[in-house]
Amino acid sequence: MDELFSILPFEVDFFEGKHHYPIHYVGNPTLDEVEAYKRENEKDFGRFAEDNGLEGKPVLALLAGSRKQEIKDNLPMMVEAASVYEGQYELVLAAAPNIDPEFYGKVLRGSRVKILYGQTYRILHHACAALVTSGTATLETALFRVPQVVCYYTACGKLVSFLRRHILKVRYISLVNLVAGREVVRELVADTMTVENMRAELERLLFREDYRRKMLDGYEEMARLLGPAGAPRHAAREMVKLLKK
């Protein structure tokens, strides 16, 4: 007998509800990883700033993806949008391990963004807001309870936006919104990803407490839907149970 195991709760409705194929939701390993990090690492902003040569200002995190084209398309606009807050905040890029510093240097063109490798979770642990491209990073950012803007540039933006509205059946691109089944975080995609839109959304996240609180409440709802930590254990137990039948 074939069995299907899922790490995303919305897949249950897709496979069982639409295709009548039984599926076992076992939890999400990203939740396990984030919870383990929080347990094992004290939140010491002073030490974080000292270790990385930061000025000690609040951190705006930039998570621009892991592919070169993705970074070239998204990062310059993200930096331009956030740079108006450089006097009050420090812009910190969570660098992808497969991208060399020279490439980031060319894309950033001498900006004041601090580039940190191997510290994505540490950056999120201390960030007060984030600009994030779509992917697992949106889920990680939410699990660290960091208010975020999801940004994703695409060529032919107007055409892509038209297709999303009229043809594509998936309403969202971020895992946060897909898990919650509603808009928890703002998605600026295709022709809506502009410097002006990103800057306006970032301003709401930084300076409007009611807006921040609404997003953080949405994160709690999303976390409840993900269920408790322990996805590998849940999957193993379910497999053993099925094998014993």
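Basis of the calculations
- Residues numbered from 1 in each chain as written.
- Predicted model: local features only at pLDDT ≥ 70, side-chain atom pairs only at ≥ 80, totals over all residues.
- Heavy atoms only, no water.
- Pairing = 2+ DSSP bridges.
- Helix = DSSP H or I, 4+ residues; strand = E, 2+ residues; numbered from the N terminus.
- Axes fitted to C-alpha atoms, helices over the stretch in contact; angles between N-to-C directions.
- Core = buried A, V, L, I, M, F, W, Y, C linked by side-chain atoms within 4.5 Å.
- Buried < 20%, exposed > 50% of the residue type's maximum accessible area, 1.4 Å probe, protein only.
- Contact = heavy atoms within 4.5 Å.
- Right-handed = clockwise from strand over helix to strand, strands pointing away.
- Phe/Tyr/Trp six-rings, centres within 6.5 Å; stacked < 30°, edge-to-face > 60°.
- Parallel < 35°, antiparallel > 145°, perpendicular 65-115°, else oblique.
- Left-handed = near helix turned anticlockwise from the far one by under 90°.
- Nonpolar A, V, L, I, M, F, W, Y, C, P; charged D, E, K, R; others polar.
- Salt bridge = Lys/Arg side-chain N within 4 Å of Asp/Glu carboxyl O.

Draft legend 1. Summary view of the sheet that holds strand 5 (residues 114-117). Overall, parallel pairing links the six strands, which are arranged 5-4-3-6-7-8 in an open sheet. Sheet topology places strand 5 and strand 8 (186-189) at the edges, where each strand pairs with a single neighbour. For this sheet, the mean inter-axis angle between neighbouring strands, taken without regard to orientation, is 25°. Looking at chain direction, strand 3 (residues 59-63) and strand 6 (residues 127-132) are connected through five bridges and run parallel. Across the sheet, leucine 63 pairs through a bridge with valine 132, a residue of strand 6.

Draft legend 2. Summary view of the nonpolar core. Grouped together as the largest cluster of nonpolar side chains are 71 residues, with contacts concentrated most on Leu60, Leu75 and Tyr104. Element by element, the count of residues in this core is highest for helix 4 (residues 68-82), at seven residues. Those residues in contact with tyrosine 104 that lie beyond four places of it in its chain are Gly65, Ile71, Leu75, Leu93, Ala95, Ala96, Ile99, Ile115 and Tyr117.

Draft legend 3. Broad picture of the environment of valine 84. Note on placement: valine 84 falls in the loop between helix 4 and strand 4 (90-95). In the structure, valine 84 is positioned 81 residues away from glutamate 3 in sequence and 52 Å away in space, judged by C-alpha atoms.

Draft legend 4. Quick peek at the pairing of strand 6. Judged by how many residues are buried, strand 6 sits mostly within the fold: six of six residues are covered. In this sheet, strand 7 (residues 148-152) lies alongside strand 6 in parallel orientation, the contact comprising three bridges. For valine 132, the partnering residue across the bridge sits in strand 7 and is valine 150. You can see the chain leave strand 6, run along helix 7 (residues 136-143) and come back into strand 7, and the turn it takes is right-handed.

Draft legend 5. Layout of the packing of aromatic side chains. A complete count under the given rule lists eight aromatic pairs for this structure. Taken together, a centroid distance of 6.2 Å and an interplanar angle of 50° make the contact between phenylalanine 45 and phenylalanine 48 tilted. Of this pair, phenylalanine 45 and phenylalanine 48 both sit in helix 3 (residues 45-51), separated by three residues, roughly a single helical turn. Residue class for phenylalanine 48 comes out buried when judged on its relative accessible area of 0%.

Draft legend 6. Structural view of the packing of helix 4 against helix 5 (residues 101-108). Running from amino to carboxyl end, helix 4 crosses helix 5 at an angle of 45°, the nearest separation of the two axes being 9 Å. The angle between helix 4 and helix 5 places the two elements in the oblique class. Considering only the axes of helix 4 and helix 5, their crossing is right-handed. Where helix 4 approaches helix 5, its residues Lys68, Ile71, Lys72, Leu75, Pro76 and Val79 are matched on the opposing element by Phe103, Tyr104, Val107 and Leu108. The class makeup of the residues in the contact of helix 4 with helix 5 is eight nonpolar, no polar and two charged.

Draft legend 7. Structural context of the packing of helix 7 against helix 11 (residues 209-226). Running from N to C, helix 7 and helix 11 point in directions that differ by 110°, and their axes come no closer than 10 Å. In terms of orientation, helix 7 and helix 11 fall into the roughly perpendicular class. Across the interface between the two elements, Leu139, Thr141, Ala142 and Leu143 from helix 7 touch Tyr219, Met222 and Leu226 from helix 11. Looking at the contact of helix 7 with helix 11 residue by residue, the classes come out as six nonpolar, one polar and no charged.

Draft legend 8. Representation of helix 7. Taken across its eight residues, helix 7 has seven buried, putting it largely inside the fold. Taken residue by residue, helix 7 has Ala137, Thr138, Leu139, Glu140, Thr141, Ala142 and Leu143 as its buried positions. Remark: arginine 145 follows helix 7 within two positions and exhibits a positive phi of approximately 60°.

Draft legend 9. Spotlight on the pairing of strand 5. Of the strand pairs in this sheet, strand 4 and strand 5 are connected by four bridges, and their pairing is parallel. For valine 92, the partnering residue across the bridge sits in strand 5 and is lysine 114.

Draft legend 10. Quick peek at the pattern of salt bridges. Scanning all chains against the criterion turns up 13 salt bridges. Residues glutamate 55 and lysine 57 are paired through a salt bridge, measuring 3.3 Å at the closest nitrogen-oxygen approach. Judged by relative accessible area, glutamate 55 falls into the exposed class, the value being 55%. With a relative accessible area of 16%, lysine 57 lands in the buried category. Aspartate 217 is the salt-bridge partner of arginine 213, the closest N and O atoms lying 3.6 Å from each other. Residue arginine 213 and its partner aspartate 217 are both found in helix 11; the two are separated by four residues, about one turn of the helix. Looking at arginine 213, the relative accessible area reads 41%, which means it is partly exposed. Because the salt bridges share partners, they merge into one network encompassing Glu55, Lys57, Glu86 and Arg112.

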